[in-house]
Every structure is written in structure tokens, then in C-alpha cells.
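Below are the chains, spelled out letter by letter.
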Amino acid sequence: MMITDRQIQAFHRDGAVMIKGAMTDWVDVMRAGVARNMEHPSKYASENDVPEGQGRFFDDYCNWTRIPEYELVVRQSPAAEIAARSMRSTTAQFFHDHVLVKESDTIKPTPWHQDSPYYFVEGSQTVSMWMPLDPVKDATLRLLAGSHHWEKMVRPVSWADDSDFYDSDEDWSSVPDPDSDHTNSRILEWAMEPGDLVLFDYRTVHGARGNLNASRRRALSLRWLGDDARYVERPGRTSPPFPGHEMVAGQRLREDWFPVVWTR
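Below is a summary of the structure that appears in this document. (Residues numbered from 1 in each chain as written. Predicted model: local features only at pLDDT ≥ 70, side-chain atom pairs only at ≥ 80, totals over all residues. Heavy atoms only, no water.)

## Comments concerning the overall build of the chain
As a reminder, the rule being used: Secondary structure is summarised from DSSP: a helix means a run of H or I of at least four residues, a strand means a run of E of at least two, and numbering begins at the N terminus for each. Atoms considered for the radius of gyration are the C-alpha atoms alone. The globule rule reads 2.2 Å times the number of residues to the power 0.38. Accessibility here uses a 1.4 Å probe with only protein chains present; expressed as a share of the type maximum, an area under 20% marks a residue as buried, one over 50% as exposed, and anything in between as partly exposed. In what follows, a contact means two residues having at least one pair of non-hydrogen atoms within 4.5 Å. Computed by Shrake-Rupley with a 1.4 Å probe, the accessible areas treat only the displayed protein chains as cover when residues are assessed. When charges are counted, neither His nor the chain ends are considered; positive counts come from Lys and Arg and negative counts from Asp and Glu. To locate a charge, take NZ of a lysine, CZ of an arginine, CG of an aspartate or CD of a glutamate.
Of the regular secondary structure elements, the chain holds four helices and 13 strands. What you see for the chain is a C-alpha radius of gyration of 17 Å, in line with the 18 Å of a compact globule of 264 residues. With the C-alpha coordinates of the chain rotated into their principal frame, the extents come out at 45 × 45 × 40 Å. For the chain, with 264 residues in total, the buried portion stands at 55%. Restricting the contact set of the chain to residue pairs at least 6 apart, pairs at least 24 apart contribute 82%. Element-wise, carbon and sulfur atoms account for 46% of the exposed surface of the chain, whose accessible area totals about 11800 Å². Distance between charge centroids for the chain: 4 Å, based on 30 positive and 41 negative side chains.

Spelled out as C-alpha cells, the structure:
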């Protein structure tokens, strides 16, 4: 099986689980897609304001309709079925792709955050699929077990300068620092090989260290929605923004933009 009952239970208990080798046959396709993406970045691409001489942290999203390798992975790989089964959903609806590349000797970390506050979607059935395309250990994804059950959402900030992402007085919780404060933090992190993947709930707090190794760290994330995911209004421009979507609160995301790829 691509995902076992025990792994599904761990995902719902901890908010994250690692699965070995599920995407091994698709690593070369994903690497080709990332190379094409970096050669032809979209309007959403960012270098994350890394100071000169401190490496490079490139990220970009929402490219699957113009990067054929990404579309192959979305539509033909086991990813959609794994996502649906992990969420205990009868469907897997595709939300968006996100590529993150840290070149060697990149000091800048990925800050601790939840994905959910940046998105215009809510629900108990959501999953992000993080897939390294290079071996990772110190620069792997790190997640806070159980944080998908926290009562308050973590304050969303800009990755470039830690400023508030929204101009609002919403009652967010503070961005955590689990490496300094161990009172409420069990950090999940795994050494991984290309073909392995981490599944995590949009509400699970996560981040990553900088990449101080001599080789680059490429990762591709695919974000999926389950049966109960619905559009929700946020206090500002979301990330990704999807301008002109014309959806209203409580609506399931429009399938012509966000296709249902797998149905049980």
C-alpha cells in the first residue's frame, strides 16, 4: 500500500507523517519540472531577500498549468490518491504547487508558520505533500506535533522581513520559537531521500533551517483539499492570491481552476 492505516493514524494524531519511497519513480520528472520552473519563473517567484553572499532561497508557486512535468505529477502519479487516503476523504482536489530551492550555504531559514492563515480555504481535510529532490538531513522539513489542534492560528508574516502579512487586528497567536521554548513543542523531522514525502495538515506549524551544506536542496510541494474544504474570506490578499476567482464564503473551490484529480 502507498500509505498504511498506521501512517494515516499518525497523520491525524500528529498533523504530519513521513512516507518512504512513495514517489521514487517520479523524482526525475519533478527535477526536470523544477529546472524548467527556475529557468522560466512566474510573476509570483521570489528570492526571499537573501543578503548577497549568503546563498539563494528561491520559491515559486501556481505553475502546474504551464510546467508540463508538474501537471504529469499532479494528474498521473500516486500523489492524489495518497492525499485523499491520508485525509480520509473520498476525493482529492488539487489546490496548488510550490517549489522551494535553497542553494548551498544559504543561511536564511524558512520561518515557523502554518499554511492555513495564508490561504483562502478552511477545513479539517487538507494536506500538503513536501517532497525533497535531494537528500536532506539538517535542511529537512521540521514540524510541531499536534499543532494542527491549536485553538488559535499563528500570526502570518512575510518571509522577507517578518512583517505582518495582513493589515488587521485579528487575534493571532505569536510565531513560536520551539528551539528556545521546549514547553509545548515536540519537533518532528526526518532525514529523507528523493522519493520520500512528508504529509502535513495546512494547520500544522512547520519551518526549516537554512541549507549550510555544500549541495543545493530542492523541494516540491503539492497542496490538496478534501471533501469538507471550503472557501473562506481572509483580512487581505492571500498567498497564493488567485485574482478574479469570484468565489464566496462557504463554497467548495471551483473545479475548473482546482480540479478533482482522484475519487474513491
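## Focus: the packing of helix H2 (residues 27-39) against helix H3 (residues 68-76)
What counts is decided by this rule: Orientation is described by axes fitted as lines to C-alpha atoms, over the contacting stretch for helices, and by angles from 0 to 180 degrees between their N-to-C directions. Left-handed describes a crossing whose near helix is turned anticlockwise from the far helix by less than a right angle; the clockwise case is right-handed. Asp, Glu, Lys and Arg are counted as charged, while Ala, Val, Leu, Ile, Met, Phe, Trp, Tyr, Cys and Pro are counted as nonpolar; the rest, among them Gly, fall into the polar class.
As a packed pair, H2 and H3 sit with axes 7 Å apart at the nearest point and diverge in direction by 145°. When you trace H2 past H3, the crossing you get is left-handed. Within the contact between the two elements, H2 uses Val29, Met30, Ala32, Gly33, Val34, Arg36 and Asn37 and H3 uses Pro68, Glu69, Tyr70 and Val73. Tallied by class, the residues present in the contact of H2 with H3 amount to seven nonpolar, two polar and two charged.

## Here we look at unusual backbone geometry
Pro240 follows Ser239 through a cis peptide bond whose omega is 0°. Positive phi outside glycine occurs at Cys62, with the angle close to 65°. Within the secondary structure, Cys62 is located in the loop between strand S2 (57-61) and H3. The phi torsion at Phe242 lies on the positive side, around 50°, for a residue other than glycine. By the element assignment, Phe242 lies in the loop between strand S12 (230-231) and strand S13 (260-263).

## So, the layout of surface pockets
Keep this limit in mind: Points on a 1 Å grid, built from protein atoms alone, make a cavity when a 1.4 Å probe fits but cannot get out and make a pocket when they are open with protein on both sides within 12 Å along at least 5 of 7 lines; residues with an atom within 4 Å of a point are the lining residues. Grid points are joined across faces, edges and corners, and a volume is the space filled by probe spheres set on the points.
Taken as a whole, the largest pocket spans an internal volume of roughly 600 Å³. Forming the walls of the largest pocket are 30 residues, and the residues nearest its centre are Asp59, Tyr61, His98, Trp159 and Ser239. Listing elements by their share of the lining of the largest pocket, those giving two or more residues are S2, strand S3 (91-102), strand S4 (110-113), strand S10 (206-208) and strand S11 (217-225). Taken together, the residues that form the lining of the largest pocket break down as 14 nonpolar, eleven polar and five charged.

## A word on the environment of Asp167
Relative to the elements of secondary structure, Asp167 occurs in the loop between strand S7 (141-144) and strand S8 (187-189). A relative accessible area of 80% means that Asp167 is categorised as exposed. Along the backbone, Asp167 and Gly236 are 69 residues apart, and their C-alpha atoms lie at a distance of 7.2 Å.

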